[in-house]
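Geometric and topological summary
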Amino acid sequence: MAGGHDHAHDHAHAHHHKESFITKYIFSQDHKMIAKQYLVTAIIMGIIGIGLSALFRLKLGWPDTQFPILETLLGSEAAPNGELQSNWYLGLVTMHGTIMVFFVLTGGLSGTFSNLLIPLQIGARDMASGLLNMVSYWLFFLSSVIMVASLFVETGPASAGWTIYPPLSALEEAQPGSGLGMTLWLLSMTIFVASSLLGGINYIVTILNLRTKGMKMTRLPLTIWTFFVTAVLGLLSFPVLVSAVVLLLMDRGMDTSFYLSEITTSSGQLAQTGGSPILYEHLFWFLGHPEVYIVLLPALGISSEVIATSARKPIFGYRAMIGSILAIGFLSFIVWAHHMFVTGMSPFLGSVFTFTTLLIAIPSAVKVFNYITTLWRGNIKFTPAMMFCIGMVSTFISGGVTGIILADSALDISKHDTYFVVGHFHIVMGMSAILAMFAGVYHWFPKLYGKMMNKKLGYAHFWLTIISGYGVFLPMHFTGEGGLPRRYYENTAFPMFDHMVDLNELISVFALIGVLGQVLFFFNFFYSAYRGPRATKNPWRATTLEWTTPVDHVHGNWPGALPEVHRWPYDYSKPGWDEDFVPQDVPLKPDEEEH
Amino acid sequence: MNSLLILIAVVAGVAAMIQLVRLNEVTSEARGNHSEEEVTSDENNMMAYGWLIFMFLFFGFTIVLMYKYGYGGLGPAATVHGEKLDWLLELNYWIILPVFFITNALLFIFSFKYRYNKNRKASYFSHSNKLELIWTIAPSVVLAVIIFMGLKTWINIMFDAPKEGDPVIVEAYAEQFNWTFRLSGENNALGDSDYKLNCGPSTFKNSQGEIVSIDGNPLGVVSKDFVLAKYAEIDSSLAQLNRELDNAYSIEGGDYFEPEEYVQEKLKKIETLNVLKYRIQSGIESKLNDSINGMGADDIYLSTELHLVVNRPVTFNFRSKDVIHSAWFPHFRAQMNCVPGLTTTFTFTPHITTKEFASNPEIQAHYNNINEIHNERLTSLGEENEKVDFNFVLMCNKICGSAHHNMQKNIIVETEAEYEKWYECEDYKEKTPVTPRLDLNGKPLVYKGWRADSDEALINEVNMAVANASITEEVPEVEVEVVDSIAVDVPVMDTTVVVENH
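Computed from a prediction, not measured in an experiment: that's the story for all the values here.

Attention now moves to the overall build of chain B. In terms of regular secondary structure, chain B is built from 13 helices and 14 strands. The burial tally for chain B puts 48% of its 502 residues in the buried class. Of the accessible surface of chain B, which amounts to about 24,600 Å², a share of 58% is contributed by carbon and sulfur atoms.

Residues and elements named next belong to chain A. The N-to-C vectors of helix α10 (residues 318–331) and helix α12 (residues 361–375) enclose an angle of 150°; their axes lie 9 Å apart at closest approach. Considering the angle they form, α10 stands roughly antiparallel to α12. Regarding α10 and α12, the two cross each other, and that crossing is left-handed. Along the contact surface, α10 presents Ala320, Met321, Ser324, Ile325, Ala327, Ile328 and Leu331, while α12 presents Pro363, Ser364, Val366, Lys367, Asn370 and Tyr371. Within the contact of α10 with α12, the residues separate by chemical class into nine nonpolar, three polar and one charged.

Residue and element names in this part refer to chain B. Reading across the sheet, the five strands line up as β8-β14-β13-β10-β11 and stay open at both edges, with mixed pairing between neighbours. Every other strand in the sheet has two partners, leaving β8 (306–309) and β11 (334–338) as the edge strands with one partner each. Strand-to-strand, the axes of this sheet are offset by a mean angle of 25°, without reference to chain direction. Looking at chain direction, β8 and strand β14 (residues 408–414) are connected through four bridges and run parallel. Bridging from a neighbouring strand, leucine 308 pairs with valine 413 of β14. Contacts between helix α9 (residues 416–424) and the sheet are confined to β8 and β14, with β8 contributing the most and set at about 145° to the helix.

In this section: the nonpolar core. One broad trend across soluble globular proteins is that nonpolar side chains are buried collectively. Residue and element names in this part refer to chain B. Ranked by internal contacts, the top residues of the largest apolar core, which has 287 residues, are Phe316 and Phe329. Residue contributions to this core reach at least three from each of two domains, namely domain 1 (168–294 + 474–501) and domain 2 (304–430). In terms of nonpolar packing, the next biggest core, distinct from the first, is built from 27 residues, Leu219, Val222, Leu245 and Leu273 among them.

Next up on the list: the pairing of strand β13 (residues 392–396) of chain B. Residues and elements named next belong to chain B. Burial within β13 is extensive, with five of its five residues counted as buried. Side chains Phe392, Leu394 and Cys396 of β13 all project onto a buried face; the interleaved residues Val393 and Met395 project onto the opposite face, where all are buried too. Relative to β13, strand β10 (residues 325–329) runs antiparallel, the two sharing two bridges. In the strand pairing of β13, tryptophan 328 is matched with methionine 395. The pairing of β13 with β14 spans four bridges and is classified as antiparallel. By the bridge assignment, methionine 395 is partnered in β14 with glutamine 408.

Further remarks concern the environment of Val242(A). Residue and element names in this part refer to chain A. Note on placement: valine 242 falls in helix α8 (residues 222–253). Overall, valine 242 belongs to the partly exposed group, its relative accessible area being 22%. Along the backbone, valine 242 and phenylalanine 192 are 50 residues apart, and their C-alpha atoms lie at a distance of 9.8 Å. Those residues in contact with valine 242, other than ones at most four positions away along the chain, are Thr190 and Val193.

Further remarks concern the interface of chain A and chain B. Facing 148 residues of chain A, the contacting portion of chain B comprises 126 residues. Of the roughly 11,900 Å² buried between chain A and chain B on both sides combined, carbon and sulfur atoms contribute 67%. Our count for the contact surface shared by chain A and chain B stands at six salt bridges. With a closest N to O distance of 2.8 Å, Asp417(A) and Lys398(B) form a salt bridge. For the pair chain A and chain B, the interface holds 43 residue pairs in polar contact (both at pLDDT 80 or more). A total of 14 residues in the side of chain A that touches chain B trace back to one element, the largest contributor, which is helix α16 (residues 455–481) of chain A. Within the side of chain A that touches chain B, the residues separate by chemical class into 82 nonpolar, 38 polar and 28 charged.

All names here are of chain B. Mean pLDDT over chain B: 80, with 80% of residues reaching 70 or higher. Under a pLDDT of 50 for its full length, residues 430–459 has, in the predicted model, 65 contacts with residues more than four places off or in other chains. Confidence over residues 469–502 falls short of pLDDT 50; this stretch has 51 contacts with residues more than four positions distant or in other chains.

All names here are of chain A. When the terminal C-alpha atoms of helix α6 (residues 130–149) are compared, their 29 Å separation across 20 residues agrees well with the 28 Å that a helix rising 1.5 Å per residue should span. Those residues of α6 not exposed but buried are Gly130, Asn133, Met134, Ser136, Tyr137, Phe140, Ser143, Ser144, Ile146, Met147 and Val148. Elements that come into contact with the buried residues of α6 comprise α3 (31–61), α5 (86–122) and α7 (180–209).

Inspection of every chain in the model, using the stated rule, returns 31 salt bridges over all chains. Of the charged contacts in the structure, one is a salt bridge between Glu38(B) and Lys381(A), with a shortest N-O distance of 3.8 Å. Placement of the pair is Glu38(B) in the loop between α1 (2–30) and α2 (41–69) and Lys381(A) in the loop between α12 and α13 (384–407), with the two residues belonging to separate chains. Accessibility expressed as a relative area gives 12% for Lys381(A), which makes it buried. Lys230(B) is paired through a salt bridge with Glu233(B); the nearest N and O atoms lie 2.8 Å apart. One end of the pair is Lys230(B) and the other is Glu233(B), both in helix α5 (residues 224–247) and three residues apart, which spans about a single turn. By relative accessible area, which is 3% here, Lys230(B) ends up buried. Through salt bridges with shared partners, one network takes in Arg312(A), Arg541(A), Glu579(A) and Asp580(A).

To continue, consider the packing of aromatic side chains. Inspection of every chain in the model, using the stated rule, returns 82 aromatic pairs over all chains. Both rings, one in Phe438(A) and one in Phe521(A), keep their centres 4.7 Å apart while their planes meet at 65°; by these two values the pair is edge-to-face. Taken together, the residues Phe438(A) in helix α15 (residues 419–449) and Phe521(A) in helix α17 (residues 501–531) connect sequence positions 83 residues apart. As far as burial versus exposure is concerned, Phe438(A) and Phe521(A) are alike and both buried. The positively charged end of Arg115(B) is found above the aromatic ring belonging to Phe112(B), 4.5 Å away from the centroid. The lysine or arginine in question, Lys277(B), covers the ring of Tyr231(B), its NZ or CZ lying 5.9 Å from the ring centre.

As a further point, take the pairing of strand β4 (residues 211–214) of chain B. Residue and element names in this part refer to chain B. Bridging between strand β3 (residues 202–205) and β4 involves four bridges; their strand directions are antiparallel. Its bridge partner lying in β4, phenylalanine 204 is registered against valine 212. Joining the antiparallel neighbours β3 and β4 is a turn of five residues, in which glycine 209 adopts a positive phi near 85°.

Turning next to the sheet that holds strand β2 (residues 178–183) of chain B. Within a sheet, each strand pairs with its neighbour through backbone hydrogen bonds, oriented either parallel or antiparallel. Residue and element names in this part refer to chain B. Spatially, the five strands line up as an open sheet ordered β7-β2-β1-β9-β12, and their pairing is mixed. Across the chains shown, the open sheet's two edge strands, defined by having one partner strand only, are β7 (300–302) and β12 (344–348). Pairwise comparison of adjacent strand axes, ignoring direction, gives a mean angle of 25° for this sheet.

About the cut-offs
- Residues numbered from 1 in each chain as written.
- Chains lettered and ligands numbered in written order.
- Predicted model: local features only at pLDDT ≥ 70, side-chain atom pairs only at ≥ 80, totals over all residues.
- Heavy atoms only, no water.
- Helix = DSSP H or I, 4+ residues; strand = E, 2+ residues; numbered from the N terminus.
- Buried < 20%, exposed > 50% of the residue type's maximum accessible area, 1.4 Å probe, protein only.
- Areas by Shrake-Rupley, 256 points an atom, 1.4 Å probe, with all protein chains shown as cover.
- Axes fitted to C-alpha atoms, helices over the stretch in contact; angles between N-to-C directions.
- Parallel < 35°, antiparallel > 145°, perpendicular 65-115°, else oblique.
- Left-handed = near helix turned anticlockwise from the far one by under 90°.
- Contact = heavy atoms within 4.5 Å.
- Nonpolar A, V, L, I, M, F, W, Y, C, P; charged D, E, K, R; others polar.
- Pairing = 2+ DSSP bridges.
- Core = buried A, V, L, I, M, F, W, Y, C linked by side-chain atoms within 4.5 Å.
- Domains from an automatic or database assignment.
- Buried area = accessible area lost by both parts, 1.4 Å probe.
- Salt bridge = Lys/Arg side-chain N within 4 Å of Asp/Glu carboxyl O.
- Polar contact = N/O pair within 3.5 Å; in protein donor to acceptor, adjacent residues only side chain to side chain.
- pLDDT = per-residue confidence, 0-100.
- Expected span 1.5 Å × (residues − 1).
- Phe/Tyr/Trp six-rings, centres within 6.5 Å; stacked < 30°, edge-to-face > 60°.
- Lys NZ or Arg CZ within 6 Å of the ring centre and 35° of its normal.

Written as structure tokens, this is what we have:
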């Protein structure tokens, strides 16, 4: 299939040898370097993103205490005398959401692992277009810089929630954060979308065209399947976000009325009539819901790979897994309005979206049962990556079941926008994706840096993360059951929620432990990248092609000819073989059946 | 000094960690190569037992939370549909909690049981169509039940309830950061509203030719008097702007001496106001006679708490002045967004009075607890203690700006007799911004009783009154008068000329 490309790539490969520092480390077109760039950028964004959550959890956990550290970090505008101001609270919440969803779990997760693994696992020399790939990263970098810069704007960053519903986000009079901060947010997101479109189209083309000889679609590792579907989702949904953003910019600057209608502000009546904020919500969630799966699918792909490798057992139901990835991908486009059951949208639409949303539970359940069956009668090695993956399956279950309640339009009436929702999506999407991202880093670190990460720190990091993660988000379901709305700056403005004071404090304690626990990871990551022990070629004894490449990166990935693929990627503990794994490039024995 | 200490502590911590990791590496390298690649059997067993311990901690934590905080504090649903919702929620919990415990337990137990053993080989069990079929069909059947029950309840709440039992209509109007209610009065119909008529305090000559003052028309209700009030407000703003422009004009210099932006800003405001006035003239005033629903004359405005009658269905019409808000009634299990430019509705029937609800032992115990915690906090803040009573609450549940967290109103559900007493009491009427408790012909409303629509004859009478109303006859004349009366002492430019200049 891809044999014809070999010559061209060898040719390109020869040209790459004379490299300056700049072309090697900065404007690199090598997919492995770009993956590292994505990862390091995402880690830095992650430090900022979870750091912000620690700051606002201080306010929510101890509403009457002054924290001078807030004034030190945020300035006297935001937290005079260590008291966080409500505008800034909303700004921190908004920036936390935006950074975590887009910059860490979309750019970071998909950007890092799609770039690293697609060429390595399909047996290609590089991405279809190295240049587009490089441009994609630098646009991501630029948008990250702009997003972070908006934290330093005098009137504060965007503070209308990460969904930035107009008119709140459209009118400067509505809140200070809707001024320059919001403009920067919109600018940054537009650039971010351009970046992910360039990345996405590259991934799709590479997967479809550059597979090595014998790498049929049905022999692709599940990671590649999830990256493929993720890229398609991104390609179809992100442009809709851009259109929503452009219309919003026009409403903000050019007196159009796409989203604005019949509004009276402190400066009088606005002229706009006829627009509808609901239109924005539809456009936003048409991206926003596939976005959940853009975050989640790579996580599921990574855990499929790591679980099979560490359980020394084929992933159970390979074809059913592909089927459910495709089903989830398709369904994710027809469920968006379950975020809008109580917006005043037609109740009939609510019925339709309840139905489609609950359908997603079926492929998700299939995936969970397949993971559990993969563990059954396995021979499990608990590498740090495997620990994170088992944790990920657990969060996928625990967060998934509460999704059944929220998907039900009738029940959503009393759960919409409460902490129940916050607990649900942080477990099912936030924790699952971040645990899988950590798993990916621990598992492929030898491939990224040629070094090993420290195992004991990895274990400590894992237990701190999962315990504090559940410690934060399980109690939120209970405050939500008590009717506590999300995005409240104080839960003590009126006494109705006073009985939750201790629960909120507990959440904050776990949040701080969880945030501090990440120090172990950052330390382990940067220390191991420089000083870690050198890795061998195939440390996890895995079957996929990336482990047939040399430890030290070479351009073109394989020094000689591209490997040829003879079998599916999950030949672990196959009867008839002495070793408990058979790499994909090992030919079948004469009488061997494929699987 | 503090930050220096913190810095030293951080540096020392990092250095200690580096040394620890090195020590660990050196000792494990002594035991064999590639220590970070091989998971030793000790480590593997430790992690396997770790999963078992974690399972007990995790389930224990969940159960403690359910036991201690499972009672969220809202109490039983206070509405008819809310009871159905709570039942449905419970049904869902009975389905998802077993799934949650069983699948998580399987995951952790399998992880423990099938931990690595070098004498064993994993089974090469890669697929089974029978198993796949089982766990596609089983969830499908369960979900079919969930979907069916859910949609049945949803259709009941959204489609059936509004048509049953003649609901009384109430408007809840949201703005940053407050709620205003409008009762539909004797005719159980809200008068039309238009955001263009939204105005602040105004003094004007009303349609009867009397000079009157109003506190404002915060909901933008349409009536002839409110149109006149808005004109007066616009005209006085225009006069003020023109005065400011005059003051900024130098006759000798023949030009403005204030900066260009200052002048442009004023001119833009003048233009906006003129456009607004034109749109009111063409869009509202000209239709006052026919197409506008004039049912607003008897509407009652409440900036205080809202009173509802127990067992009487109520349909809320939600509107918003500025940004999206969400009306969240946690005790009533009701929620609907308030969207500028759109009227949304939600219908429910409160079936228990505030008093009865508060006397529930569960709620009493809960509020004793809240009082204790609340006053402990007040004491620690050095504030005076207060007694917190139970109340049904309406609060905002869609991020709407800096005081989003503090935008709530009490709702009082009471018996019909209590309601009548409150309704007849004049107190709340003083809070009504304008009190034209007159019908459209300017005659006092004579209807008695709670709702007019229970009586066919009364509905007809109201409709006739609307149809016969002739309320715009004097408008041009009045408008001129108002403008003149304000313009007398202000030598202003002709506003149309200003627009052309601009």
